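Take a look at the letters that make up each chain.
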Amino acid sequence: MSIWVDETSRVVVQGITGKEGTFHTERMIDYGTVVAAGVTPGKGGGKAVRGVPVFHSVARAVAEEGVNVACIFVPPPFAADAVMEAAAAQIRVIVCITEGIPVLDMVRVAHFLRGKECVLIGPNCPGIISPGKTKVGIMPGDIHRPGPMAVLSRSGTLTYEVVDQLTRVGLGQSTCIGIGGDPIVGTCFIDHLERLKDDPETKGVVLIGEIGGTAEEEAASYVAASFPKPVIAFIAGRTAPPGRRMGHAGAIISGGKGKAQDKIEALERAGVTVAHDLGRFGQTALEVMAAAGVQPNLA
């Protein structure tokens, strides 16, 4: 099985009539995702790409098309409101691709979502894919294959590199999630590890982290205490100087916290295999999973 989304998911694309929304809606439909509706305020009643109906609001899309997953391509000044609109309409999974949302806007979102029955993936993320079933976001579907590995990542481009290596060595994926690279994101590694722990199709997990914050150290503590499956990790940004942001808004060493070496040491203490050579990540994962009795599938 997959977590959060599968072939039964019905997706609404917020911002579907914009350039990015239109382009990636086409890619999602080509992959097999059921894009049942789009939302652009002021353009309701029309049709978007491939005849997808457009509504003024998410609430109307829920009422008329039964959508339960939202994918957001709304510009940064309006993206926080788009997330809250989806949550208010009782969308259960919200994927926010938008980069550059102001931090104070995300503080409002975090407060609004507290206690609600929904999960926010992102913002500033590539989304989520359940290979062979559905993809919500911008991940390139052709590099993924169904299989036993879950991938959780703070970096979009590193996700693609690692997934490609996994696929080439015969380790397909059950679910791949880009959790986002901003200082405030909707979910962390632990939120997804808790689900993956009970997923019978997931035999091992890849964690792709980077400098900044304490998400990797917290994940290491959870793995050591509660996660029985093999975990392989890679941490980006080892040579980054303190005080300088590298790539993502959340990737910054500040106040003596967030250094790559601290994260690596915490993960290794938890029994996680940390790959030190990105070019050999697939081979490292293959060796770890073989030791756990999981054989590759190169068919």
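The structure under discussion appears in the preceding block.
Cut-off values and rules
Residues numbered from 1 in each chain as written. Predicted model: local features only at pLDDT ≥ 70, side-chain atom pairs only at ≥ 80, totals over all residues. Heavy atoms only, no water. Phe/Tyr/Trp six-rings, centres within 6.5 Å; stacked < 30°, edge-to-face > 60°. Lys NZ or Arg CZ within 6 Å of the ring centre and 35° of its normal. Pairing = 2+ DSSP bridges. Helix = DSSP H or I, 4+ residues; strand = E, 2+ residues; numbered from the N terminus. Salt bridge = Lys/Arg side-chain N within 4 Å of Asp/Glu carboxyl O. Buried < 20%, exposed > 50% of the residue type's maximum accessible area, 1.4 Å probe, protein only. Contact = heavy atoms within 4.5 Å. Axes fitted to C-alpha atoms, helices over the stretch in contact; angles between N-to-C directions. Core = buried A, V, L, I, M, F, W, Y, C linked by side-chain atoms within 4.5 Å.

Engineer: What exactly am I supposed to notice about the packing of aromatic side chains here?
Structural biologist: Each pair of aromatic rings is reported with the distance of its centres and the angle of its planes. This structure, assessed with the given rule, holds zero aromatic pairs. Geometry around Phe23 places Arg27 over its ring, the cationic atom sitting 4.6 Å from the centre. The lysine or arginine in question, Lys116, covers the ring of Phe112, its NZ or CZ lying 4.1 Å from the ring centre.

Engineer: Mind showing me how you'd approach the sheet that holds strand S6 (residues 119-121) here?
Structural biologist: Sheets are built from strands paired through backbone hydrogen bonds, the pairs being either parallel or antiparallel. Strand order in the open sheet made by the six strands is S3-S2-S1-S4-S5-S6, with parallel pairing throughout. Lying at the two open borders of the sheet, with one neighbouring strand each, are strand S3 (54-55) and S6.

Engineer: Help me understand the pattern of salt bridges in this model?
Structural biologist: Opposite charge on two side chains makes pairing possible when the charged atoms of those side chains draw close. Applying the stated criterion across every chain, the model contains 14 salt bridges. The salt bridge involving Arg154 is made with Glu210; its shortest N-O contact spans 3.8 Å. Of this pair, Arg154 sits in the loop between strand S9 (146-153) and helix H5 (156-168) while Glu210 is found in strand S11 (residues 204-210), placing the two residues 56 residues apart along the sequence. For Glu210, a relative accessible area of 7% translates into the label buried. The partner of Asp262 in a salt bridge is Lys259, and the shortest N-O contact between them spans 3.3 Å. Put simply, Arg154, Glu210, Glu216, Glu217 and Lys263 are held in one network by salt bridges that share partners.

Engineer: What is the right way to read the sheet that holds S11 from this model?
Structural biologist: Read across the open sheet, the seven strands follow the order S8-S7-S10-S9-S11-S12-S13; overall the sheet is mixed. Strand pairing shows two members of the sheet lacking a second neighbour, strand S8 (134-137) and strand S13 (273-274), which therefore form its edges. With five bridges connecting them, S9 and S11 associate as parallel partners. Bridging from a neighbouring strand, Met149 pairs with Gly204 of S11. Of the strands in this sheet, S9, S11, strand S12 (231-236) and S13 are in contact with helix H9 (residues 281-291), which crosses S12 at around 155°.

Engineer: Explain the nonpolar core to me, please; I cannot follow it from the model alone.
Structural biologist: Nonpolar side chains in soluble globular proteins tend to end up buried together. With 49 residues, the main nonpolar core has Trp4, Leu193, Val205 and Leu207 as its most contacted residues. Among the elements that line this core, the one with the most residues is helix H7 (residues 215-226), at five residues. In this structure, Leu193 is in contact with Leu152, Val205, Ala219, Tyr222, Val223 and Phe227, ignoring residues within four places of it in sequence. Of all hydrophobic cores here, the second largest spans 28 residues; its members include Val58, Ala80, Ala82 and Leu113.

By themselves, these are just geometric observations and shouldn't be taken as functional.
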